[in-house]
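Chain residues, written in single-letter form:
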Amino acid sequence: MFTKARFKLTAWYVVIILIISTLFSIAFYNASTREIDRIIDRLEFERQHSEFRLFRPLRSSNAPSIEELLSYKERMRMTLLFVNGLIFIFSAGAAYFLAGRTLRPIKIMVDEQNQFISNASHELRTPIATLRAEMEGKLLEKRISDKAARKLITSNLEELGRLQNLANDLLKLAQTHTINNDENKQEMLSLLEVIKTAYNKVSPLAKQKKIKITIKSVENIIKGDKNSLIELFVILFDNAIKYSSENSEITVTSEITEHKTKIAIADQGIGISKEDLPHIFERFFRADKSRSMIDGYGLGLSIAKKIVEAHRGSIDVDSKISKGSTFKVIMPLA
Ligand code: ADP
């Protein structure tokens, strides 16, 4: 598909360059030969009316003859044709190269989109297949007891919950594209308030695992979309809780450097290996350990990164296996 598009674009580039160079050559040829044509006309007139001596002879002993002038015109035509041929060859090569460069970002985007669709379909297939297998299995049984029916419904609801979470994550990922464009949604926000709202949403989970969350000195004013920023901290808190053991601690701190605020969320959890660190912000990436231990789809951090970038900020992580992870968000101050 892209090879065909590249050739088409190359052809368009070459056609445009050739039209311009041909028009330029014609204009150049006409301008340079206009005077020669006039001299030729005059010499011919003189030759035909050699007895008519009203005209002062134009041709001096070393002036060019008509034949020389005509051959000069012919040489100029050939030179321009040759130059246009060279331009054609050179422009075809350059156009092919430029077409490749023009199409490269589009190709990368389409490849990413295809990869995303295939990952999403793959993630959707597993809970759907489980739901189907469980129900078909039960249908084959002659009689279903009340207890078995309840067990089936409970398990189905669990799978449906997973599907719902995936659908929500996919929707959030799609919505983050529009954050930056919607100026109406941007407002002055207290960072502390945003973090506390996010904390309130995750505190039942933290309580369940007896994890203590401490929020220290984070009172700064930033400009942004409130709901997305709350979502950002919910994702980071949620991960910190999910990947930490019971009775551990999570600490939130902030510091200001050059019109920016740096917020750090540190946990004492399982940590991330050096090999996995470069990939954790990729869509659908999950470390093997997390895959086997904890529910998730690997979309949270890619949503978080998109939110931070939409607010002209950056997100980074320091982590050591079995020691814990610190996610650092840097955002411009309002
Ligand atoms: P999910 O948590 O649903 O798997 P995320 O995109 O939020 O998806 O995280 C991607 C991966 O990064 C996780 O699967 C996990 O391996 C790793 N990770 C994220 N946050 C932490 C953390 N606080 N501690 C340890 N590992 C983490």
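Going by the structure above, here's the rest.
Structural notes, computed from the coordinates. Please read these numbers as outputs of a predicted model, since none were measured by experiment. (Residues numbered from 1 in each chain as written. Predicted model: local features only at pLDDT ≥ 70, side-chain atom pairs only at ≥ 80, totals over all residues. Heavy atoms only, no water.)

1. Comments concerning the pattern of salt bridges
Inspection of the entire model under this criterion finds 12 salt bridges. When the shortest N-O distance is used, the salt bridge between Glu35 and Arg38 registers 3.1 Å. Placement of the pair is Glu35 and Arg38 together in helix H1 (residues 2–48), with a separation of 3 residues, close to one helical turn. Between Lys172 and Glu231 there is a salt bridge; the shortest N-O distance is 3.2 Å. On the criterion of sequence distance, the pair formed by Lys172 in helix H3 (residues 146–175) and Glu231 in helix H5 (residues 226–242) is long-range, its members being 59 residues apart. You can call Lys172 partly exposed: its relative accessible area is 26%. (Salt bridge = Lys/Arg side-chain N within 4 Å of Asp/Glu carboxyl O. Helix = DSSP H or I, 4+ residues; strand = E, 2+ residues; numbered from the N terminus. Buried < 20%, exposed > 50% of the residue type's maximum accessible area, 1.4 Å probe, protein only.)

2. A word on unusual backbone geometry
At Phe284, a residue that is not glycine, the phi angle is positive and equals roughly 70 degrees. Looking at where Phe284 falls in the secondary structure, it is placed in the loop between strand E5 (260–266) and helix H6 (288–293). A positive phi angle, near 55 degrees, is found at Arg312, a position not held by glycine. Using a relative accessible area of 61% as the deciding quantity, one classes Arg312 as exposed.

3. So, the pairing of strand E6 (residues 314–320)
Burial along E6 is one-sided: the residues Ile315, Val317 and Ser319 are buried and none of Ser314, Asp316, Asp318 and Lys320 is. Strand direction decides the pairing type here: E6 and strand E7 (residues 324–332), joined by 7 bridges, are antiparallel. Opposite Asp316, over in E7, you have Lys328 as the bridge partner. The loop that links E6 with its antiparallel partner E7 comprises 3 residues; one of these, Ser322, has a positive phi angle of about 65 degrees. (Pairing = 2+ DSSP bridges.)

Geometric values such as these leave the question of function open.
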